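Results of the structural survey
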Amino acid sequence: MDSNRKGLLYFACAVSAMGGLLFGYDWVVIGGAKPFYELYFGIDCSPLMQGVAMTTALVGCLFGAMVAGGAADRFGRKPLLMVSAVLFTVSAIATGLAEDFTLFNIARFIGGIGIGVASALAPMYIAEVSPANIRGRMVSLNQMTIVLGILAAQIVNMLLARDTMSPDTQAWNVGWGWRWMFWAETPPAALFLVMSFFIPESPVYVKMKAAPMLVGKKAEAGLGELFQPKYRKVLLLGLVIAVFQQWCGTNVIFNYAQEIFVSAGYDVDGMFINIVITGIANVIFTFVALYTIERWGRRTLMLIGAGGLGLIYLILGGCYLAGVTGFIMVALVVSAISVYAMTLGPVTWTLLAEIFPNRIRGIAMATCTFALWVGCCTLTFSFPPMNAVLGSSGSFWIYSAICICAFTFLLRNCPETKGKSLEELEKELVRDKE
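Conventions used here
Residues numbered from 1 in each chain as written. Predicted model: local features only at pLDDT ≥ 70, side-chain atom pairs only at ≥ 80, totals over all residues. Heavy atoms only, no water. Helix = DSSP H or I, 4+ residues; strand = E, 2+ residues; numbered from the N terminus. Buried < 20%, exposed > 50% of the residue type's maximum accessible area, 1.4 Å probe, protein only. Contact = heavy atoms within 4.5 Å. pLDDT = per-residue confidence, 0-100. Core = buried A, V, L, I, M, F, W, Y, C linked by side-chain atoms within 4.5 Å. Arc of directions from axis to C-beta. Salt bridge = Lys/Arg side-chain N within 4 Å of Asp/Glu carboxyl O. Phe/Tyr/Trp six-rings, centres within 6.5 Å; stacked < 30°, edge-to-face > 60°. Lys NZ or Arg CZ within 6 Å of the ring centre and 35° of its normal. Expected span 1.5 Å × (residues − 1). Bend = angle between axes of the 7 residues up to and from the residue. Axes fitted to C-alpha atoms, helices over the stretch in contact; angles between N-to-C directions. Parallel < 35°, antiparallel > 145°, perpendicular 65-115°, else oblique. Nonpolar A, V, L, I, M, F, W, Y, C, P; charged D, E, K, R; others polar. Polar contact = N/O pair within 3.5 Å; in protein donor to acceptor, adjacent residues only side chain to side chain. Patch = residues over 30% accessible without salt bridge, like charges linked within 9 Å, V, L, I, M, F, W, Y side chains within 5 Å. Areas by Shrake-Rupley, 256 points an atom, 1.4 Å probe, with all protein chains shown as cover. Left-handed = near helix turned anticlockwise from the far one by under 90°.

1. Quick look at the overall build of the protein
Helix and strand content of the protein: 18 helices and zero strands. For the protein, the proportion of its 434 residues judged to be buried stands at 58%. Restricting to contacts in the protein with at least 6 residues of sequence separation, those with at least 24 account for 84%.

Pasting the structure below:
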């Protein structure tokens, strides 16, 4: 590959991965804004309305993921990335401007659609424009930008949230601080929109439109075709991988960091410090994934992730049961984040972008991403009641059992895809029984 083509490839992948950056930021920023917008909208004593505010974007994610595949096959990958950039920009501005709770939730729903579209399209686009020998590394770039977005949101929240003990600073937090947390997303969202005009369309999509007879009688595949017997095994693999990335339990640490670190014996100040520490570990070990995914392979990393998390959660649950507090607990939590960041986090997106044939990749990615967000919703909603009944020890033992079951499934069913073209993988993974 000459230097000009290589430069265009890196540019296209970097721009597409900006969707991941905004995905990560938009997903996490609400956690820092939560205490302040709840007071502003008067829902601080209403658990129901608090739950609505926290889940509106997730509902948008489900909707965005559901429509992304069909729209990408009909209109192209590039236009859908541009649409997601518009949605992120509008949501960031509108959420910060919201003067009533209804408008706030509408703005969050719009941002959620952007997350759903970007999470389905960005890894797929990168996989389709990248050569086989570096495809895994380039798709992992999307996960890298996601964790950078998460860390950016954590840092912005920490910097904008002022000392709540002072009436004056509390007035800032409730009146303006939470708004600026959302507005801070506007510059990168606008940059993503501008830069997306200059990336090329996916060559796979161009080929599908230019010569539809090469991939079937029509250019777009629907759900009916996706569920044909010949795709059954690869679809099951994709759905299990997608849901397991959420049900492995690691995102509970991000969503419920307060409960986890308080249970481990930390006060509020220590909790915030530990949250940033987990964010930094997330970024560092995602960098590790960029170098290991093409050397160790996807299958190996998925097995390390499932087995490693199963063991760590087993130990973590035992420590909670024994009343262990302090550094040991933080070390175990950071270890779990680190294992996830170099395995299940990036490799899931890489595998989902690789294993499906060109013919159904758009609708298959959308279906698996939809399943992933369903997994995220069920994980988010199940942790508080499960934690109340079983305690932190029982909750992490449940996640350990899930990881062990997933390890068994992956050991039997997960293929190695590194170094193989998308066409080679299609021949290996799909058995045409027609």
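Resuming the write-up.
2. Some thoughts on the confidence of the model for the protein
Mean pLDDT for the protein: 84, with 89% of residues reaching 70 or above. This stretch, residues 213-217, has a pLDDT under 50; its non-local contacts, to residues over four places away or in other chains, come to four contacts.

3. Structural notes on the nonpolar core
One finds Tyr37, Phe104, Leu121, Leu309, Phe356 and Trp373 to be the most contacted residues of the largest nonpolar core, which totals 120 residues. In contact with leucine 121, other than residues within four places in its own chain, are Ala68, Ala72, Arg77, Leu80 and Leu81. Of all hydrophobic cores here, the second largest spans five residues; its members include Met144, Leu151, Val283 and Leu290.

4. Looking at helix 7 (residues 186-196)
Listed as buried for helix 7 are Thr186, Ala189, Phe192 and Ser196. Across the axial projection of helix 7, the buried residues extend over an arc of 125°, all falling on one side.

5. Here we look at the pattern of salt bridges
This model, assessed by the stated rule, comprises 10 salt bridges. Linking lysine 34 and glutamate 38 is a salt bridge whose minimum nitrogen-to-oxygen distance equals 2.9 Å. Here lysine 34 and its partner glutamate 38 are both found in helix 1 (residues 3-40), four residues apart, which amounts to about one turn of the helix. Accessibility expressed as a relative area gives 25% for lysine 34, which makes it partly exposed. Of the charged contacts in the structure, one is a salt bridge between lysine 420 and glutamate 428, with a shortest N-O distance of 3.1 Å. The class for lysine 420 is partly exposed, based on a relative accessible area of 23%. Among the ionic contacts, a cluster of salt bridges with common partners joins Asp73, Arg77, Glu128 and Arg361.

6. Description of the environment of phenylalanine 88
Along the chain, phenylalanine 88 falls in helix 3 (residues 77-97). Separated by 30 residues in sequence, phenylalanine 88 and alanine 118 place their C-alpha atoms 9.7 Å apart.

7. Describing the environment of alanine 366
Here alanine 366 is to be found in helix 17 (residues 361-413). Residue classification places alanine 366 among the buried positions, given a relative accessible area of 3%. Between the C-alpha atoms of alanine 366 and glycine 70, which are 296 residues apart in sequence, the distance is 8.0 Å. Excluding residues within four positions of it along the chain, alanine 366 makes contact with Ala65, Met66, Ala68, Gly69 and Ala120.

8. Some points on the packing of aromatic side chains
By the definition in use, this model includes 19 aromatic pairs. Geometrically, the ring pair formed by tryptophan 180 and tryptophan 183 is edge-to-face, given 4.9 Å between the ring centres and 85° between the ring planes. Of this pair, tryptophan 180 and tryptophan 183 are both found in helix 6 (residues 167-183), three residues apart, which corresponds to roughly one turn of the helix. One residue, arginine 179, lies across the ring of tyrosine 40, its end atom 4.8 Å from the ring centre. When the ring centre of tryptophan 176 is taken as origin, the NZ or CZ atom of arginine 179, which lies over that ring, is 6.0 Å away.

9. Details of helix 17
Between its first and last C-alpha, helix 17 extends only 19 Å over 53 residues, short of the 78 Å set by a 1.5 Å rise per residue. The largest bend along helix 17 reaches roughly 115° and is located at glycine 391.

10. Re the packing of helix 15 (residues 327-342) against helix 16 (residues 344-354)
Relative orientation of the contacting elements helix 15 and helix 16 amounts to 20°, with a least axis distance of 4 Å. For the element pair helix 15 / helix 16, the angle class is roughly parallel. Between helix 15, through Val339, Tyr340, Ala341 and Met342, and helix 16, the contact on the second element is made entirely by Leu344, Gly345 and Pro346. The class makeup of the residues in the contact of helix 15 with helix 16 is six nonpolar, one polar and no charged.

11. Describing the side chain of arginine 77
Mapped onto the elements, arginine 77 comes out in helix 3. Of the residues examined, arginine 77 reaches a relative accessible area of 0% and is grouped as buried. A polar atom in the side chain of arginine 77 sits 2.9 Å from the side chain of aspartate 73. Discounting residues that sit within four places of it in the chain, arginine 77 has contacts with Ala72, Leu121, Met124, Tyr125, Glu128, Glu201, Ser202, Tyr205, Met208 and Gly362.

12. Quick look at a nonpolar patch on the surface
Where nonpolar side chains cluster on the molecular surface, the patch consists of Phe63, Met66, Val67, Phe370 and Val374 and spans about 380 Å² of accessible area. Elements that contribute at least two residues to the nonpolar patch include exactly helix 2 (47-75) and helix 17. At three residues, helix 2 tops the list of elements feeding residues into the nonpolar patch. Position of phenylalanine 63 among the secondary structure elements: in helix 2.

13. Some remarks on the packing of helix 2 against helix 4 (residues 101-129)
Interaxial distance between helix 2 and helix 4 falls to 6 Å at its minimum, and their mutual angle equals 40°. Overall, the two elements helix 2 and helix 4 adopt an arrangement that is oblique. Crossing hand, helix 2 versus helix 4: right-handed.

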